[in-house]
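Working through the structure, step by step
Below are the chains, spelled out letter by letter.
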Amino acid sequence: MVARGVLFGVAGAATLLLEFELALRLLPVSTATMTGYHVDPMIIGYPPGHQWVVSTGWDLRNAQRLRANNLGFAADADFGPDPSAIGLIGDSYVEASMLESGSRPATQLAHALRSAGHARPVYGMGGPGSSLLDYAERIRFARQRLTLRDFVVLLEPGDVRQSICGSGNVHAACLDPITFAPRVQRQAEPSAIRRVARHSALAQYIAGQLKVTDPRRLLAQAFQHSRPPVHGTDAATESRQDVAASRPGLPPDRVRVVQAVADAFFERVATPAPGRLVLLVDGRRSTRSGSPSVPMLERDLFVKLASARGIEVIDAESVYARHWEGSTLSLEVGPDDRHLNALGVGLLMRAVASKGPW
């Protein structure tokens, strides 16, 4: 009888899991992206032609269907050699998979350039989970493979510190945390279990929508308190550790990190004539005053180092400040997604287009 009860229990659990699996396959659950080093050994991308679904949260918000082009980037069109094209480089802020295709940065920049009388193709080369030195690798790839000469790099404040090996946001290129020597830290191939789980809607929902990779986190998330959104705050200031560590000046060890990463980046992307490099640097999205966090202080130092080298810099903070003078509309996707929404992206891309002539 005990054995029969266990058998019925296992069969019932299996049936329930199968029902969940079938039900979730009918919903826009985020599907496997199949990312890897498909096109270049230093660049993580998608298999060319791969199609997948992206959505946010347990309730599957902002569901989008994406497709990888011939070089493994999320784009509607293939990229071919074209020296007149502009390479738009960055991480998930450039890919912007949570936005509709027409609202993503590459599309909005191309439209803004046309409106300014400088019609040029824009190749959006975003790579989620990457950092500054990974951007340098994408610029190298675009110069060699696509003959691109002009680039816009969209940086977020964390891109500098994340260029240190072990940060968790490195595709390949990084600096040793002790010596600052250049290293290559490629991501490991997925395990057999993960490769199988990629094709399960239930597994993708648990790991991708609920963000549960550790069963202990599931219980913690079930009882955590939800917080109301705070308008116009700076995402970095929400980290208590960063706020506690922030000071009027940047700690010397962090200064050395910024200088080392900046030197490595500028050396790798030195612009050959007649090329152009524009850095579009995200920053504080609030008019509130207060002690800046360490990432923001690092950002400010990087901007100064870039300007001192004669690099063209567009400080997004000035763009946001003009917006807040006449509007209260949010520039972010939502309280649980601090990526720029279509309005925020449009403000930045128009700022780039006005930095002419292109």
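Along every chain, residues carry numbers that run from 1 in the direction the sequence is written. Given that the model is predicted, a residue must reach a pLDDT of at least 70 before its local features are reported, and side-chain atom pairs must reach 80 or more before they are shown or counted; all residues, however, enter totals for whole chains, interfaces and linings. The basis for the side-chain values is all heavy atoms of the structure; hydrogens and waters are excluded.

1. Topic: the overall build of the protein
Scanning the protein for helices and strands turns up twelve helices and 13 strands. Counting across all 358 residues of the protein, residues that qualify as buried make up 47%. Note on definitions: a residue-residue contact is assigned when non-hydrogen atoms from the two residues lie within 4.5 Å. In the protein, 67% of the contacts between residues at least 6 apart in sequence involve partners at least 24 apart. When the accessible area of the protein is evaluated, it comes to approximately 18200 Å², of which 58% is carbon and sulfur surface. Strands are runs of DSSP state E lasting at least two residues, helices are runs of H or I lasting at least four, and both sets are numbered from the N terminus onward. The buried label goes to any residue with under 20% of its type's maximum accessible area, the exposed label to any with over 50%, and the partly exposed label to all in between, with areas taken from a 1.4 Å probe on protein chains only. Note on areas: these come from Shrake-Rupley sampling with a 1.4 Å probe, and a residue is covered only by the protein chains present in the view.

2. A closer look at the nonpolar core
Formed by 47 residues in total, the largest nonpolar core has its most connected members in M125, F265, L279 and F302. Counting only elements with at least two residues in this core, the list comes to β6 (122–126), α4 (132–146), β7 (150–155), β8 (173–175), α9 (252–268), β10 (276–281) and α10 (294–308). For M125, the contacting residues outside a window of four places in its chain are F73, F79, L88, I89, G90, V94, R138, F141, A142 and L146. Core analysis: the second largest hydrophobic core is formed by 32 residues, A112, V278, V319 and V345 among them. What we call a nonpolar core is a set of buried Ala, Val, Leu, Ile, Met, Phe, Trp, Tyr and Cys residues that are connected through their side-chain atoms within 4.5 Å.

3. Considering unusual backbone geometry
Note: most peptide bonds trans; most residues except glycine with negative phi. A cis amide bond links A273 with the next residue in sequence, P274, at an omega value of 0 degrees. Within the fold, P274 resides in the loop between α9 and β10. In this model, G356 is joined to P357 through a cis peptide bond whose omega is 0 degrees. Mapping P357 onto the fold places it in the segment after α12 (342–353). Even without being glycine, M34 reaches a positive phi, approximately 60 degrees.

4. A look at the side chain of R104
On the secondary structure map, R104 appears in the loop between α2 (92–95) and α3 (105–115). Charge convention: Lys and Arg are scored as positive, Asp and Glu as negative, and His as well as the terminal groups of each chain are ignored. Just to be clear on terms, a salt bridge is a Lys or Arg side-chain nitrogen sitting within 4 Å of an Asp or Glu carboxyl oxygen. Buried and unpaired, R104 has D76 as its nearest opposite-charge partner, separated by 4.8 Å. Non-local contacts of R104, meaning those with residues more than four positions away in its chain, are made with Q64, L66, E95, A96, S97, L99 and V345.

5. Describing helix α6 (residues 201–209)
Along α6, the residues that are buried comprise A201, L202, Q204, Y205 and Q209. Taken down its axis, α6 places every buried residue within 160 degrees of arc, on the same side. Positioned one or two residues after α6, K211 has a phi angle of 60 degrees, which is positive. This arc is built from the directions going out from the helix axis to the C-beta atoms.

6. So, the packing of α4 against α9
Helix axes are fitted only over the stretch in contact, all axes being lines through C-alpha atoms; the angle between N-to-C directions runs from 0 to 180 degrees. Between α4 and α9, whose axes approach to 9 Å, the crossing angle comes to 5 degrees. Classified by the interaxial angle, the pair formed by α4 and α9 is roughly parallel. Note on element contacts: α9 touches α4 through V261, A264, F265 and R268, opposite L132, L133, Y135, A136, E137 and R143. Angles are sorted into four bins: roughly parallel if under 35 degrees, roughly antiparallel if over 145, roughly perpendicular if 65 to 115, and oblique for all others.

7. Some remarks on the packing of helix α11 (residues 316–326) against α12
Between α11 and α12, the shortest axis-to-axis distance is 10 Å and the interhelical angle comes to 120 degrees. Comparing their axes, α12 and α11 come out oblique. Considering how the two elements wind past one another, α11 and α12 form a crossing that is right-handed. Each of A316, V319, Y320 and H323 in α11 lies in contact with α12, whose residues at this interface are L343, L347, L348 and A351. Looking at the contact of α11 with α12 residue by residue, the classes come out as seven nonpolar, one polar and no charged. Put simply, a crossing is left-handed when the front helix is turned counterclockwise from the back one by less than a right angle, and right-handed when it is turned clockwise. Only Asp, Glu, Lys and Arg are considered charged in this grouping, and only Ala, Val, Leu, Ile, Met, Phe, Trp, Tyr, Cys and Pro are considered nonpolar; every other residue, Gly among them, is considered polar.

8. Some words on the sheet that holds β7
Within the open sheet, the five strands sit side by side as β6-β5-β7-β10-β11. Their pairing is parallel. Edge strands, defined here as strands with exactly one partner in the open sheet, are β6 and β11 (312–315). Between one strand and the next, the sheet's axes are offset by a mean angle of 20 degrees, whatever the strand orientation. Strands pair, by our definition, only if DSSP identifies at least two bridges between them. In this structure, β7 lies alongside β10, joined through six bridges in parallel fashion. Residue F151 lies in a different strand from β10, and its bridge partner there is L277. Where α3 meets the sheet, its contacts fall on β5 (86–90) and β6, and the angle it forms with β6 comes to roughly 155 degrees.

9. A look at the environment of T107
The topology assignment puts T107 in helix α3. The exposure class assigned to T107 is partly exposed, which follows from its relative accessible area of 34%. Residues T107 and D76, 31 residues apart in the sequence, show an inter-C-alpha distance of 9.6 Å. In protein, a polar contact means a hydrogen-donor-capable atom and an acceptor-capable atom, both N or O and within 3.5 Å, with residues adjacent in sequence counting only if both atoms are side-chain atoms; elsewhere, any N or O pair within 3.5 Å suffices. In this structure the side chain of T107 is engaged in a polar contact, spanning 3.2 Å, whose partner is the backbone oxygen of S101.

10. Observations regarding the pattern of salt bridges
Oppositely charged side chains can pair when the atoms bearing their charge come close. In the structure shown here, the tally under the stated rule is 19 salt bridges. Between D59 and R61 there is a salt bridge; the shortest N-O distance is 2.2 Å. By relative accessible area, D59 is classed as partly exposed at 34%. Using a relative accessible area of 27% as the deciding quantity, one classes R61 as partly exposed. One network of salt bridges, with partners in common, ties together R284, R299, D300, D315 and E317.

11. Describing the pairing of β6
Extensive coverage of β6 is indicated by the burial of five of its five residues. Here β6 shows a buried face lined by V122, G124 and G126 and a second buried face lined by Y123 and M125. Note that β5 and β6 share five bridges and pair parallel. Across the sheet, residue I89 finds its bridge partner in β6, namely M125.

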